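# Commentary on secondary and tertiary structure
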Amino acid sequence: MIDVCLLGTGGMMPLPYRALTSLMMRYNGSSVLVDCGEATQISVRRRGWSFNPIDVILITHFHADHISGLPGMLLAMGNAERTEPVTIVGPEGIEHVVKSLLVIAPRLPFEIKFIELDKSKDEEVMELSGLRIKAFKVHHNMLCYGYSFELDRAGKFDAEAAKSLGLPVMYWSHLQNGEIIEYEGKSYTSDMVMGPARKGLKITYTTDTRPTDKITEEATGADLFICEGMYGDDDAESIAKARDKKHMTMQEAAEIAKKAQPKEMWLTHYSPSMIKPEQYAEAITAIFPRTVISKDRRMMTLNFEE
């Protein structure tokens, strides 16, 4: 089970009625934050979630609306009595950028560890907070990454197979956990008692980018695809603006989802000039029916299929 909350849905600047785009996920007592623009901690408070369990912060790129809220967020975590290390992941230069921001928050009660993504690679995979996280390059006007999150699910335990091995019950849970058991001169492995792996959970998040084949690839099979929809109009002027600023229209996002067929797509990162994103819902759902024109603090809980 993964709780997902889109803390804000705005791009460029926070507005009185729309916070900046940020994603927060909770799994197994740990929280992961993606991007942290100005006042992100206010959205966390309004959602009613805690700062203390944030173990990992992922940054997509170094534009202010995606990172300038870090000092306030880290101070809020310290005030929530966080003492365990926090891992911050981001593009090349992440450590230098964050330490520069922390001139105004020099004394934190926890260590910050950094994972700097290798710009020579198109994608990198890491295991953090119990999730498999893939960072992949997208196409913005500066180095920028999207992220996919996967939670695997083991196959069903076959009690009859375990009985047939003659292995005492006290060892069964160890096999379920992938351990190798030595008993009466024989070795027993989990594949002897576990069925084939079942469908896990997948979330793909991308913003500040033009459409790319890689985004379609990552969104394929996702339970939730979160994608920017900076502009709602599909006229020549909006398309030209999206191409020039390396952003995406809602229609372009919907076309990606139409190809990738995620279970659901949430649109986010709206232009400040877009007052009512929901006015485009009919046109966008005509392309991909399972589209949600998200609002701040939209939340859902993803569960494994039965």
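Above this text you will find the structure in question.
This structure is a prediction, so every number in the text was calculated from the model and none was measured.

Moving on to the sheet that holds strand β15 (residues 291-293). Ordered by their spatial adjacency, seven strands build an open sheet running β7-β8-β9-β12-β13-β14-β15, and the pairing between neighbours is mixed. Taken across any chain shown, the strands that pair with only one partner, and hence form the sheet edges, are β7 (123-128) and β15. Strand-to-strand twist of the sheet, defined as the mean angle between neighbouring strand axes without regard to direction, takes the value 20°. Bridge count between strand β14 (residues 265-268) and β15: three bridges; the pairing is parallel. Across the sheet, Leu267 pairs through a bridge with Ile293, a residue of β15.

For the coordinates displayed, the defined rule picks out two aromatic pairs. For the ring pair Tyr171 and Tyr183, a centre distance of 5.5 Å and an interplane angle of 55° mean the geometry is tilted. With Tyr171 in the loop between α5 (159-165) and α6 (172-176) and Tyr183 in strand β10 (residues 181-183), this residue pair connects regions lying 12 residues apart in the sequence. Above the ring of Trp49, the side-chain terminus of Arg26 is found at 4.0 Å from the ring centroid.

Whether parallel or antiparallel, the strands of a sheet pair through hydrogen bonds between backbone atoms. The seven strands lie next to each other as β6-β5-β4-β3-β2-β1-β16, forming an open sheet whose pairing is mixed. Two strands lie at the open edges of the sheet, namely β6 (112-116) and β16 (298-302), each paired on one side alone. Taken over all neighbouring pairs, the strand axes of this sheet differ in orientation by 15° on average, direction set aside. With five bridges joining them, strand β1 (residues 2-8) and β16 adopt antiparallel strand pairing. Note on β16: the bridge partner recorded for Leu6 is Arg298. Sheet strands touched by helix α1 (residues 40-47): β1, β2 (22-27), β3 (30-34) and β16. Its angle to β1, the strand with the most contacts, is close to 130°. On the sheet, helix α4 (residues 94-101) packs against β5 (86-90) and β6 and is oriented at approximately 145° with respect to β6.

We now examine the pairing of strand β8 (residues 131-137). In terms of burial, β8 is a largely internal element, five of the seven residues being buried. When β7 meets β8, the two strands line up antiparallel, connected through six bridges. Across the sheet, Glu127 pairs through a bridge with Arg132, a residue of β8. What sits between the antiparallel neighbours β7 and β8 is a turn of two residues, in which Ser129 has the positive phi angle 55°. Where β8 lies against strand β9 (residues 145-153), six bridges are found, and the strand directions are antiparallel. Residue pairing for β9: Ile133 is matched across the bridge by Phe149.

This part covers the nonpolar core. Within the largest apolar cluster, 29 residues are counted, with the highest numbers of intra-cluster contacts made by Ile2, Val4, Leu58, Tyr147 and Phe149. Excluding residues that lie within four positions of it along the chain, Phe149 makes contacts with Met25, Val32, Val34, Leu58, Leu131, Arg132, Ile133, Leu201, Lys202, Ile203 and Tyr205. Ile54, Ile59, Val98 and Phe110 belong to the second largest nonpolar core, which has 26 residues in total.

Bringing unusual backbone geometry into the picture now. For Asp35, which is not glycine, the phi torsion reads 70° and is therefore positive. Its location among the elements puts Asp35 in the loop between β3 and α1. Classification of Asp35 as buried rests on a relative accessible area of 0%.

Negative charge collects at one region of the surface, where Asp233, Asp234, Asp235, Glu237 and Glu255 lie side by side. Inspection of the secondary structure assignment puts Asp233 in the loop between β13 (224-228) and α8 (236-245). Given the relative accessible area of 35%, Asp233 is considered partly exposed.

Further remarks concern the pairing of strand β4 (residues 54-58). Successive side chains on a regular strand alternate, one facing one side of the sheet and the next facing the other. In terms of burial, β4 is largely enclosed, as four of its five residues are buried. Running through α1, the crossover from β3 to the neighbouring parallel element β4 is right-handed. Bridge count for β4 against β5 is three bridges, and the pairing is parallel. Looking at β5, one finds that Val56 is bridged to Thr87.

Reading guide: rules and limits
Each residue is numbered by its place in its chain's sequence as written, counting from 1. Selection of residues for local features in this predicted model requires a pLDDT of at least 70, selection of side-chain atom pairs for listing and counting requires 80 or more, and totals for whole chains, interfaces and linings are taken over all residues. Computation of side-chain values covers all heavy atoms of the structure but excludes hydrogens and water. The pairing criterion for strands is at least two bridges between them, as found by DSSP. Put simply, DSSP marks the helices as runs of H or I at least four residues long and the strands as runs of E at least two long, and each gets a number from the N terminus on. Convention adopted: a line fitted to C-alpha atoms gives each axis, helices being fitted over their contacting stretch, and angles between N-to-C directions are expressed from 0 to 180 degrees. Stacked, tilted and edge-to-face are the three classes applied to pairs of Phe, Tyr and Trp rings, where Trp contributes its six-membered ring and a pair requires centres within 6.5 Å; stacked means planes under 30 degrees apart, edge-to-face means over 60, and tilted covers the rest. Two thresholds decide whether a charge sits over a ring: the Lys NZ or Arg CZ must be within 6 Å of the ring centre and within 35 degrees of the ring normal. Any two residues whose heavy atoms approach within 4.5 Å are treated as being in contact. Categorising residues by exposure relies on relative accessible area from a 1.4 Å probe, with only protein chains included: less than 20% of the type maximum marks a residue as buried, more than 50% marks it as exposed, and the intermediate range marks it as partly exposed. Residues grouped as a nonpolar core are buried Ala, Val, Leu, Ile, Met, Phe, Trp, Tyr and Cys residues, joined through side-chain atoms within 4.5 Å. Residues enter a patch when their relative accessible area is above 30% and they make no salt bridge; the linking distance is 9 Å between like charges and 5 Å between nonpolar side chains (Val, Leu, Ile, Met, Phe, Trp, Tyr). Using a 1.4 Å probe, accessible areas were evaluated by the Shrake-Rupley method; residue-level cover was limited to the displayed protein chains. A carboxyl oxygen of Asp or Glu within 4 Å of a side-chain nitrogen of Lys or Arg is what we treat as a salt bridge. Within this scheme the basic residues Lys and Arg register as positive and the acidic residues Asp and Glu register as negative, but His and the chain ends are omitted. Each charge is placed at NZ for Lys, CZ for Arg, CG for Asp and CD for Glu. Crossovers are marked right-handed if the path from the first strand over the helix to the second runs clockwise, as seen with the strands pointing away from the viewer.

By themselves these figures say nothing about function.
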